[in-house]
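This is what each chain is made of:
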Amino acid sequence: MRQSFDKDAQKAFSLFILKEMGYDFSAGRLDESVHPFAIGLSPGDVRITTRYLPDDVTSALFGTIHEGGHALYEQNIDPELAGTPLCTGTSMGIHESQSRFWENVIGRSRPFWERYYGELQRRFPGQLDVPVEDFYRAINVVRPSLIRIEADELTYNLHIIIRYEMEKQIFNEGLKAADLPEAWNAKYREYLGVAPDNDAEGVLQDVHWSGGSFGYFPSYSLGNMYAAQIADTMERELNGMWELVGRGELLPIKEWLTERIYRHGKLLEPSEIIERVTGKPLDPDYLVQYLRRKYSDIYRLG
Ligand SMILES: [Zn+2]
């Protein structure tokens with residue numbers, strides 16, 4: 001997994017997967033930035049970025065798929081809502097459910113790589129000389145880490161808890177900006193058993209707080225919960241969902257989500273969306289079950 005991977009080939013593969021997901025290139029583009037993001041100006045112009053790491057073949061790809069998930073949402077809002085305040089995702093949590101659904105539930109699944117691993121190997125001749133099952137397990141390896149956006153699905157929510165607890169300390173207990181690095185490092189040691197060498201790998205790694213987006217981080221964990229619950233319904237309602245993924249037929253998934261979520265924009269509240277789509281209010285058990293099933297299989301826990 002740690003080799004030098006050609007950047008142009010990484011970019012070409014990212015573009016290829018975006019196309020497979022149904023991202024509309026006539027209404028957007030993929031560029032490069034230090035931290036990946038999506039920005040929607042209208043359904044007709046939804047741009048995304050990713051970042052290419054020379055020694056990691058999947059970092060840029062999963063960044064692309066994540067931002068692509070945000071973009072599919074914004075590109076597929078009913079055009080009748082364009083130009084109104086209703087023409088955006090209904091909440092940060094539902095938005096993150098879409099990005100994280102595409103990135104993790106689909107993009108880190110076994111059927112996805114049974115379809116696309118050969119394509120990836122072909123673009124990096126001689127570099128990915130392991131069976132697809134080994135690759136699948138490698139992209140889902142669980143280990144404590146410093147960087148949120150590169151964290152595995154299982155430890156990811158611990159990165160969020162750290163930020164959420166610190167946000168509460170900032171607003172309720174007067175935690176000062178100057179004291180953030182030390183508080184951050186202490187929490188990383190406590191929750192994940194790791195500590196950064198510098199603040200770029202620590203408290204400065206995200207754009208949220210410097211941009212004033214306090215309260216955003218919990219939406220990622222909410223998104224994980226929504227995504228697991230929505231995936232549970234999709235598995236039952238969309239016939240042969242995993243067979244479709246295994247054949248690289250991702251458009252029916254995009255259409256299923258467009259019909260139930262994307263097209264409504266802000267017309268429906270988050271709670272209305274989750275209840276209309278799944279028949280139930282948000283229930284964290286779906287995420288717990290999803291994680292238990294996936295990682296029991298990968299780590300052969302019986
Ligand atoms: Zn996101």
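Because the structure is predicted, anything quoted here is derived from the model rather than measured.

Draft legend 1. View of the coordination of the zinc ion. Every protein donor of the zinc ion is listed here as His66 (NE2), His70 (NE2), Glu96 (OE) and Glu96 (OE), and their distances to the metal cover 2.0 to 2.5 Å. What the 4 donor atoms of the zinc ion show is an angle range of 54 to 143 degrees at the metal, which sorts the shape as irregular. Within one chain, the residues donating to the zinc ion are spaced in sequence as H-x3-H-x25-E. Remark: His70 and His66 occur in helix α2 (residues 59-75); sequence separation between them is 4 residues, near one turn of the helix. Classification of His66 by relative accessible area gives buried; the value is 9%. For His70, a relative accessible area of 8% puts it in the buried group.

Draft legend 2. Broad picture of the packing of helix α8 (residues 218-237) against helix α11 (residues 270-278). Packing of α8 against α11 leaves a shortest axis separation of 9 Å and a crossing angle of 25 degrees. Overall, the two elements α8 and α11 adopt an arrangement that is roughly parallel. Judged by the sense of rotation from one axis to the other, the crossing of α8 with α11 is left-handed. Facing α8, whose interface residues are Tyr226, Gln229, Ile230, Thr233 and Glu237, α11 presents Pro270, Ile274, Val277 and Thr278. In the contact of α8 with α11, the residues fall into 5 nonpolar, 3 polar and 1 charged.

Draft legend 3. Inspection of the environment of Asp31 at higher detail. Relative to the assigned elements, Asp31 resides in strand β1 (residues 30-32). Asp31 gets classed as partly exposed once you look at its relative accessible area, which sits at 29%. Expressed as a C-alpha distance, the spacing of Asp31 and Arg51, which sit 20 residues apart in the sequence, is 8.5 Å. Beyond its immediate chain neighbours, meaning those up to four positions away, Asp31 contacts Ile48, Thr49 and Thr50.

Draft legend 4. The arrangement of the side chain of Asn157 in detail. With respect to the secondary-structure elements, Asn157 resides in helix α6 (residues 153-172). Under the relative-accessibility criterion, Asn157 is labelled buried at 15%. Ignoring sequence-local partners within four residues, the contact set of Asn157 consists of Ser221, Asn224 and Leu287.

Draft legend 5. Quick peek at the packing of helix α1 (residues 7-21) against α2. Closest axis-to-axis distance for the α1/α2 pair is 10 Å, and the angle between their directions is 30 degrees. Accordingly, the angle class assigned to the pair α1 and α2 is roughly parallel. Of the two elements, α1 crosses α2, and the hand of that crossing is right-handed. Residues Gln10, Phe13, Ser14, Ile17, Leu18 and Met21 of α1 form the contact with α2, whose own contacting residues are Ala60, Leu61, Thr64, Ile65, Gly68, Gly69 and Leu72. For the contact of α1 with α2, the class distribution of residues is 8 nonpolar, 5 polar and no charged.

Draft legend 6. Just the pattern of salt bridges, in detail. Applying the stated criterion across every chain yields a total of 20 salt bridges. The salt bridge partner of Asp297 is Arg110, with a shortest N-O separation of 3.0 Å. In this pair, Asp297 is assigned in helix α12 (residues 285-298) and Arg110 in helix α4 (residues 110-123), connecting sequence segments 187 residues apart. Classification of Asp297 as partly exposed rests on a relative accessible area of 35%. We note a salt bridge from Arg115 to Glu119, for which the minimum N-O separation is 3.5 Å. Of this pair, Arg115 and Glu119 both sit in helix α4, 4 residues apart, which is roughly one turn of the helix. Judged by its relative accessible area of 24%, Arg115 is partly exposed. Using a relative accessible area of 18% as the deciding quantity, one classes Glu119 as buried. Three or more residues are tied together by salt bridges with common partners; here these are Arg2, Asp55 and Asp56.

The rules behind each value
- Here, residues in each chain are numbered from 1, in the same order as that chain's written sequence.
- Residue-level local features of this predicted model are given only where pLDDT is at least 70; pairs of side-chain atoms are given and counted only at 80 or more, and the full residue set underlies all totals for whole chains, interfaces and linings.
- The side-chain numbers reported here are obtained from all heavy atoms of the structure, hydrogens and water having been left aside.
- The donor set comprises N, O and S atoms within 2.8 Å of the metal, extended to 3.2 Å for Na, K and Ca; water molecules are omitted, so apparent gaps in a site may simply reflect that omission.
- Only two sets of limits are used to name each site, 85 to 135 degrees for every angle of a tetrahedral four-donor site, and over 155 degrees for opposite donors with all other angles from 65 to 115 for a square planar four-donor or octahedral six-donor site, with any other site named irregular.
- Here a helix means four or more residues in a row that DSSP labels H or I, a strand means two or more in a row labelled E, and each is numbered from the N terminus.
- Buried residues are those whose accessible area, probed at 1.4 Å on protein chains only, stays under 20% of the maximum for their type, while exposed residues exceed 50% and partly exposed ones sit between those limits.
- Structural elements are reduced to axes, namely lines fitted to C-alpha atoms, with helices fitted over the stretch in contact, and the angle between N-to-C directions of any two is expressed from 0 to 180 degrees.
- Oblique is the label for any angle not under 35 degrees, not over 145, and not in the 65 to 115 range, which are roughly parallel, roughly antiparallel and roughly perpendicular in turn.
- Handedness of a helix crossing follows the sense of rotation of the near helix relative to the far helix, less than a right angle counterclockwise being left-handed and clockwise being right-handed.
- Whether two residues touch is decided by their heavy atoms; if any such pair falls within 4.5 Å, the residues are in contact.
- Residue classes follow a fixed rule: Ala, Val, Leu, Ile, Met, Phe, Trp, Tyr, Cys and Pro count as nonpolar, while Asp, Glu, Lys and Arg count as charged, and any other residue, Gly among them, counts as polar.
- Take a side-chain nitrogen of Lys or Arg and a carboxyl oxygen of Asp or Glu: if they are within 4 Å of each other, that pair is a salt bridge.

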